[in-house]
Amino acid sequence: MNREHVIASELLDQAETAFSKNQCWIAYNTVPYFLENGDLYFFNNSDEAHEFAGNNISEYDQYNVIAAYSQQDLLKQIVYGERLERQLANPDANGLYDKDGNAFTDALIEHIEQQQILTNKNLPIMNEKNYEYLSNQLKYTGFGEDLQTLLKEKMEKQEPQFTLNFQKDYGKDQTVAILHFRKPEDSDMYFFNRYSLMLKNDQHPDPIKQTFFINAKEENITQKEAYNLLSGRAVHKELTTKEGEKYNGWLQLDFKDTDASGNYKMKQYHENYGYDLQATLHKHHIKELQNETDAQRLMESLQRGNRQSVTLETNGKEQKVFIEAVPQFKSLNFYDSSHQRLRSDKLYEKNAPEQTIKEDKKQGMKQTGDDAGTGDDSKKKKRRQQKIS
């Protein structure tokens, strides 16, 4: 296996095209010294690249997998041939031939071109550690790894500030996030300062928006948690006082009140408020609470603000429902399989059909109408009797 390689110019052109398509995972043949067509393959993800490398091993082929996002990045990881110029002086004596047995008459040109790419002073230098830190920050804030290529491209331009867009749907709910990055004038370090999330769904045909700020000193609101907050649910986080003391609490947006920037104000329910999620769950016959691992996962999901599916045991029968934490009223909300709200006080009535709050309201209105009709009939009947007498 060669530790040094020279890459043909046509492969570098192929690489540029592949990078534009987000094919940033590369399997390259480590056996030949001079890499030509068939020695580099580009893939969209790591699994595809490693599968290819594992399935193509022979006397002449042994592939190594790397991730690169530009020609410069590629050449930094595939070490160029430092012995090339010496060998080109006498290719017959040094045995430097390509796969067809021809001397590398153009190899020096390839070598010089690659050196120019690596040492090009016009290319801005990106802070690799800063890129790695921001990549991890995006990943752990819920934006995954899909933005890494665009992040790298934006950072390489060395502009004072830039944005990235991220789109994700949850069923019929559509979300779009705009992520803001900026670097100070006296530094080459970029900072992920904030992101704005917009939500559009049946309840909000006109999108609603909230800006979430990134704080290195406390747990940040992830993308999924931000979606849950905009959906009206509460999220449990570790928070920090102005004095730097840590405490746990629930956060929920107040859609009736906004600040000067148009952001919805955040309601907080401190742990001293008295909402005990675990005790509240155990008031109900939830099958998942019977297993310690399932119970822990259920707790964590509800604390992230999710509307979670559970198995509810009622009157000897099991039914699938969805629940969500409601710290304000120290309770849970229940929903049927169609995500229609269920009345919690009706869940355990014997032989009671599954009834939503919406249906209950309709039934109540109908009952009121019937009662009113009965009253009118009674009055009319009484008047007729008076007339006859």
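These figures come from a predicted structure and were not determined experimentally.

Chemist: So what about unusual backbone geometry? Which residues, and what values?
Modeler: Even without a glycine there, the phi angle at Asn315 is positive, about 55°. With respect to the secondary-structure elements, Asn315 resides in the loop between strand S13 (308-314) and strand S14 (317-326). With a relative accessible area of 43%, Asn315 lands in the partly exposed category.

Chemist: Any chance you could break down the sheet that holds S13 for me, citing the residues and the numbers?
Modeler: Overall, antiparallel pairing links the four strands, which are arranged S13-S14-S15-S16 in an open sheet. Both outer strands of the open sheet, S13 and strand S16 (341-342), are each paired with one neighbouring strand and no more. Two strands pair when backbone bridges link them, and S14 and strand S15 (residues 331-335) are joined in this way by five bridges, in the antiparallel orientation. Counterpart to Val326 in the pairing with S15 is Ser331.

Chemist: Quick one: what's the story with the packing of aromatic side chains, residue by residue and with numbers?
Modeler: Applying the stated rule across the entire model yields 16 aromatic pairs. With a centroid separation of 5.9 Å and 65° between ring planes, the pair formed by Tyr41 and Tyr63 is classed as edge-to-face. Here Tyr41, found in strand S4 (residues 40-43), pairs with Tyr63, found in strand S5 (residues 63-67); they are 22 residues apart in sequence, far enough to count as distant. For Tyr41, a relative accessible area of 32% gives the class partly exposed. Measuring from ring centre to ring centre gives 4.9 Å for Phe162 and Phe181, while their planes differ by 15°; the resulting arrangement is stacked. Residue Phe162 is located in strand S6 (residues 161-170), and its partner Phe181 is located in strand S7 (residues 173-182); the two are separated by 19 residues in the primary sequence. With relative accessibility at 2%, the residue Phe181 sits in the buried group. The ring of Tyr335 has Arg307 sitting right over it, with the charged end atom 3.7 Å from the ring centre. Lying over the aromatic face of Tyr273, Lys330 brings its terminal NZ or CZ to 5.0 Å of the ring centre.

Calculation notes
The written sequence of each chain sets the order in which its residues are numbered from 1. It should be noted that, the model being predicted, local features are given only for residues of pLDDT at least 70 and side-chain atom pairs only at 80 or more, the latter also being counted only at that level, while totals for whole chains, interfaces and linings use all residues. As a rule here, side-chain values cover all heavy atoms of the structure and leave hydrogens and water aside. Under the DSSP-based scheme used, a helix requires at least four consecutive residues in state H or I and a strand at least two consecutive residues in state E, with every element numbered from the N terminus. Buried residues are those whose accessible area, probed at 1.4 Å on protein chains only, stays under 20% of the maximum for their type, while exposed residues exceed 50% and partly exposed ones sit between those limits. Any two strands with at least two DSSP-identified bridges between them are counted as paired. Two rings from Phe, Tyr or Trp (for Trp, the six-membered ring) form a pair when their centres sit within 6.5 Å of each other. Planes less than 30 degrees apart are called stacked, planes more than 60 degrees apart edge-to-face, and all others tilted. Two limits define a charge over a ring: the Lys NZ or Arg CZ must be within 6 Å of the ring centre, and within 35 degrees of the ring normal.

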